[in-house]
Every structure is written in structure tokens, then in C-alpha cells.
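Spelled out, the chains give:
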Amino acid sequence: LIAMPGLATASVTRPRPLSLKKNFAWGLTGNVIYAGCQWLMLAALARLTSPVVVGRYAMGLAIGTPIFLFTNLNLAQVQATDARGEYSLGDYRGVRLLSNIAAVLSICMWVLLAHYDAPTNCAVLLVALTKAIESESDVFYGFFQQHECMNLSALSVILRGFLSLLAFTGVVALSHRLAAGQISVLLVWSAVLFLFDSRNGARFGDTRPTFNWRALGRLTWLVLPL
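Keep in mind that what you see is a predicted model, and the values were worked out from it rather than measured.

**Quick look at the confidence of the model for the chain**
Should the pLDDT be low somewhere, the predicted coordinates at that spot are not to be read in detail.
Then, in step 1: The predicted model of the chain averages 91 in pLDDT, with 95% of residues at 70 or higher.
Then, in step 2: When the criterion is pLDDT under 50, residues 1-12 qualifies, and its contacts beyond four places in sequence or with other chains add up to three contacts.

The following block contains the structure:
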């Protein structure tokens, strides 16, 4: 406890559940702000670069989004409604980590077979990496919702939206390079995942992914139809 003071205060600072009205308000606010920031990022990209660059970014989203929609398996929704606590956060994180690896590998294979030009390949792969980070945060959002603390997930979404908007717009304005802007978003989302989501998740208990293959298999089979 002396060497790791954060562990000593984890149980003391465990967040209290919010009311249904407050959870709804936080969730709505976070989603609206995040959607607005994403729209502004696209508008800034169109303003600061050429239609070709916007097309490359759109290509990355068109390829990466449906693949991650499938591999995400609606895991956060299942997690939020796991009232009996059949699976731990570590189980959900284990499934998500493996599904993210499968998604990124699938997109890499797509890129190899599609024979796009190098800038388009770079845009597609960077979208895949940012989607993987977003998916890791999504597991924590389901965990926070399960504990009726949607203010934490809303604050995370707002942080990701505002900080990525500032970083992306600033970097693209200075460099006029899509890849540089995407890397800035990747770094911002990674920072929010490790410095906000993981730390707040640790206030409830252990957040490390676990690989109990029997539990992971049952959980994957449960969520696969979704």
C-alpha cells in the first residue's frame, strides 16, 4: 500500500451510482458533443486539404467502420446488462482485445489485396488503429454503465471529442498531412484510454484483461449473434 498508494484509495473513492435521469442526461450530452466534434473534424479536413485527402479519410472510415461494428459484437451493451455479474471486466476486455486484433488483421489483409496507393493505405490503417483504441474505451463505457456511472463514460467521450478536434485541426493546419492528423488523434485517444478510462475503471477493481479461454469462449458465443 505504501509503494502503490492508488490501490489504497481505490475502494474509498469508488464512484456512487447516479439516478436514471442524471445517467440519461450525461449520456445524451456526451454523445451530442462527440458527434459535433467529429463533424467539425471532417469539416476542418475539407477546409484545410483537398477533396482527394478527404476521400482517402472517407475510404478509411468506409472500410474500418463496418468491420469494427461486427467485431465489437455489441459487447458493451451485453456488459451493461450483465446484472448477475457472470463475467468480469477482465473477461470482456479479453474478448475485445482478441476481436480488435482480428479486426486490424482483417483490414491489413484488405489493404494488401486492394492495391491502393500508399497514402490511402496509410489512411485506412491509421483509421483501423484509432478504431481499435476506441473499442477498448467502449468496454469501459459498458462497465461504467453497468455500475450506473455514465458520467464517467460521458466525460471520456467529451475529452476524446474536444482534444482530438483540437489536435487534429492544429496538426493538419500546420502540416497539411492527413497521416499526421490521424496520428495525433491516435495519441489523444490512447491518452484518454490509459489516463482516464483505465484509472476510473480501477476505482471499481482490477481492470486487466484475462484469458480464461472457457469463459471467453462462452462470452463470445453469447454475443456473436449481436
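**What to know about a nonpolar patch on the surface**
Then, in step 1: Residues Leu-97, Leu-98, Ile-101, Leu-105, Phe-211 and Trp-213 make up a contiguous nonpolar surface patch of about 580 Å² in total accessible area.
Then, in step 2: The dominant element in the nonpolar patch, judged by the number of residues it contributes, is helix α5 (residues 89-114), at four residues.
Then, in step 3: With respect to the helices and strands, the residue Ile-101 is situated in helix α5.

**What about the packing of aromatic side chains?**
Then, in step 1: Within the structure shown, the criterion is met by eight aromatic pairs.
Then, in step 2: The interplanar angle of 80° and the centroid separation of 6.2 Å between the aromatic rings of Tyr-87 and Tyr-92 together place this pair among those described as edge-to-face. Each member of the pair, Tyr-87 as well as Tyr-92, is classed as buried.
Then, in step 3: Note on Phe-144 and Phe-204: the rings are 6.3 Å apart at their centroids and 40° apart in plane angle, and the pair reads as tilted. Placement of the pair is Phe-144 in helix α6 (residues 118-146) and Phe-204 in the loop between α8 (178-202) and α9 (213-223), with a sequence separation of 60 residues.
Then, in step 4: In this structure Phe-144 comes out as buried when scored by relative accessible area, which is 0%.

**So, the layout of surface pockets**
Then, in step 1: The calculated volume of the largest pocket comes to roughly 790 Å³.
Then, in step 2: In terms of lining residues, the largest pocket is bounded by 29 residues, among which Asn-31, Gln-77, Glu-134, Asp-138 and Tyr-141 are the most central.
Then, in step 3: Every element with two or more residues in the lining of the largest pocket is listed here: α2 (20-48), α3 (51-71), α4 (75-80), α6 and α7 (150-175).
Then, in step 4: For the lining of the largest pocket, the element with the most residues is α6, which contributes seven residues.

**Observations concerning α6**
Then, in step 1: Under the 1.5 Å per step criterion, the end-to-end length of α6 is 42 Å for 29 residues, consistent within 8% with the ideal 42 Å.
Then, in step 2: Its side-chain oxygen placed 2.9 Å from the backbone nitrogen of Thr-120, Asp-117 serves as the N-cap of α6.
Then, in step 3: Once α6 finishes, Glu-148 follows within two positions and takes phi at roughly 60°, a positive value.

**Let's talk about the nonpolar core**
Then, in step 1: Leu-45, Leu-75, Tyr-92, Phe-144, Phe-168, Leu-178 and Leu-219 are the most contacted members of the largest nonpolar core, which has 37 residues in total.
Then, in step 2: Put simply, the parts of the chain that give this core at least two residues each are α2, α3, α4, α5, α6, α7, α8 and α9.
Then, in step 3: A per-element tally of this core places α6 first, with eight residues.
Then, in step 4: Contact partners of Tyr-92, with chain neighbours within four places excluded, come to Leu-75, Val-78, Gln-79, Asp-82, Tyr-87, Val-139 and Leu-219.
Then, in step 5: Core analysis: the second largest hydrophobic core is formed by 10 residues, Ile-63, Ala-103, Val-104 and Ile-107 among them.

What counts as what
Residues numbered from 1 in each chain as written. Predicted model: local features only at pLDDT ≥ 70, side-chain atom pairs only at ≥ 80, totals over all residues. Heavy atoms only, no water. pLDDT = per-residue confidence, 0-100. Contact = heavy atoms within 4.5 Å. Patch = residues over 30% accessible without salt bridge, like charges linked within 9 Å, V, L, I, M, F, W, Y side chains within 5 Å. Areas by Shrake-Rupley, 256 points an atom, 1.4 Å probe, with all protein chains shown as cover. Salt bridge = Lys/Arg side-chain N within 4 Å of Asp/Glu carboxyl O. Helix = DSSP H or I, 4+ residues; strand = E, 2+ residues; numbered from the N terminus. Phe/Tyr/Trp six-rings, centres within 6.5 Å; stacked < 30°, edge-to-face > 60°. Buried < 20%, exposed > 50% of the residue type's maximum accessible area, 1.4 Å probe, protein only. 1 Å grid on protein atoms, 1.4 Å probe; cavity = no way out; pocket = protein on both sides within 12 Å on 5 of 7 lines; lining within 4 Å. Points joined across faces, edges and corners; volume = space filled by probe spheres on them. Expected span 1.5 Å × (residues − 1). Polar contact = N/O pair within 3.5 Å; in protein donor to acceptor, adjacent residues only side chain to side chain. Core = buried A, V, L, I, M, F, W, Y, C linked by side-chain atoms within 4.5 Å.

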